Amino acid sequence: IRDRPEAQYTVEVLDSFCIQNQDDFSNIIHMAKSYGGRILPNDQADPVMRELGGSTVHVPYENRSYIVAFANEGGCSVVAKKIDHIKLKAILIKYFKVELLDKQESLSQINEMYKVTAEGIYSGSILSLVYAQPETGFTSGSISYVPAKIVDGAIGK
């Protein structure tokens, strides 16, 4: 698989680091180090995840750099320098059977929230995709994963 779309790499990092570790995101630190990554200092860490007691790591993967931020009582986000939101959405629909819950647009960015309806370990989870408005010229973005148990706890299930 030589010519994978950029979105495929982003989903692989999301799956490997966030989804597979949803029962204990602190495993991500060990994984990041095994990939040659490192924990970022507090002043460079995601402030929301830091406030929830989480961490932020730099992850080199397939000649690309990702930032993964996580907190066990929150969720897990993957930040990419180049996020192909169109192909990424197609992958999410195909493999996670996502349904759009909400879409918020500002002058600079778009935030879409999806519910995962596919059966399996991620059923009922929420995926949030944030990317720049095309006219800004920015290509970075993020995809966040909130496990079903956190979603259920937040809505009182």
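What you are looking at is a predicted structure, and each value in this text was computed from that prediction instead of being measured.

S.K.: In this structure, what is going on with the sheet that holds strand β5 (residues 98–105)? I would like to understand it.
M.R.: The strands that make up a sheet pair up through hydrogen bonds in the backbone, lying either parallel or antiparallel. What the eight strands build is an open sheet, ordered β1-β2-β3-β4-β8-β7-β6-β5; its pairing is antiparallel. The sheet is open, and its two edges are formed by β1 (38–39) and β5, each paired on a single side. For strand β3 (residues 64–70) and strand β4 (residues 76–80), the ladder comprises five bridges, and the chain directions are antiparallel. Each bridged residue has a counterpart across the sheet, and for tyrosine 66 the counterpart in β4 is alanine 80. Each of β2 (55–61), β3, β4, β7 (126–132) and β8 (141–146) touches helix α1 (residues 6–18); the most contacted strand, β3, lies at about 35 degrees to it. Contacting β1, β2, β3 and β4, helix α2 (residues 27–34) runs over the sheet at an angle of about 30 degrees to β2.

S.K.: Sorry, what's going on with the nonpolar core here?
M.R.: If you look at soluble globular proteins, the nonpolar side chains tend to sit buried side by side. Counting residues in hydrophobic clusters, the biggest one holds 37 residues, and the most contacted among them are Val68 and Leu127. In terms of residue count, α1 provides more of this core than any other element does, seven residues in total. If near-sequence neighbours (up to four positions away) are discounted, leucine 127 is found in contact with Leu14, Leu92, Phe96, Val98, Glu112, Met113, Tyr114, Val116, Ile143, Ser144 and Tyr145.

S.K.: How should I be thinking about α2 in this particular structure?
M.R.: Two residues of an α-helix separated by three or four positions point the same way, owing to the 3.6 residues in each turn. Regarding α2, the residues found buried are Ile28, Ile29 and Ala32. Viewed end-on, α2 has its buried residues packed into an arc of 105 degrees, placing them on one side of the element. Exposed residues lying more than 90 degrees from the buried face of α2 are His30 and Ser34. Looking at the buried positions of α2, the neighbouring elements they touch are α1, β1, β2, β3 and β4. At the exit of α2 stands glycine 36, carrying a positive phi of roughly 90 degrees.

S.K.: Just checking my understanding: could you explain the packing of aromatic side chains for this structure?
M.R.: How two aromatic rings sit relative to each other is set out by the distance from centre to centre and by the angle between their planes. This structure, assessed with the given rule, holds three aromatic pairs. With 6.1 Å between their ring centres and 50 degrees between their planes, tyrosine 35 and tyrosine 61 make a pair best called tilted. In this pair, tyrosine 35 sits in the loop between α2 and β1 while tyrosine 61 sits in strand β2, placing the two residues 26 residues apart along the sequence. Overall, the relative accessible area of 33% leaves tyrosine 35 in the partly exposed class. Residue tyrosine 61 is classed as buried on the basis of its relative accessible area, which comes to 13%. Between the aromatic rings of phenylalanine 96 and tyrosine 122, the centroid separation amounts to 4.8 Å while the plane-to-plane angle is 65 degrees, which identifies the pairing as edge-to-face. One end of the pair, phenylalanine 96, is in helix α4 (residues 85–96); the other, tyrosine 122, is in the loop between β6 (109–116) and β7, and 26 residues separate them in sequence. Taken together, the ring pairs in this structure connect Phe17, Tyr35 and Tyr61 into an aromatic cluster. Directly above the aromatic system of tyrosine 9 lies the positively charged group of arginine 64, at a separation of 3.6 Å from the ring centroid.

The rules behind each value
Residues numbered from 1 in each chain as written. Predicted model: local features only at pLDDT ≥ 70, side-chain atom pairs only at ≥ 80, totals over all residues. Heavy atoms only, no water. Pairing = 2+ DSSP bridges. Helix = DSSP H or I, 4+ residues; strand = E, 2+ residues; numbered from the N terminus. Contact = heavy atoms within 4.5 Å. Axes fitted to C-alpha atoms, helices over the stretch in contact; angles between N-to-C directions. Core = buried A, V, L, I, M, F, W, Y, C linked by side-chain atoms within 4.5 Å. Buried < 20%, exposed > 50% of the residue type's maximum accessible area, 1.4 Å probe, protein only. Arc of directions from axis to C-beta. Phe/Tyr/Trp six-rings, centres within 6.5 Å; stacked < 30°, edge-to-face > 60°. Lys NZ or Arg CZ within 6 Å of the ring centre and 35° of its normal.

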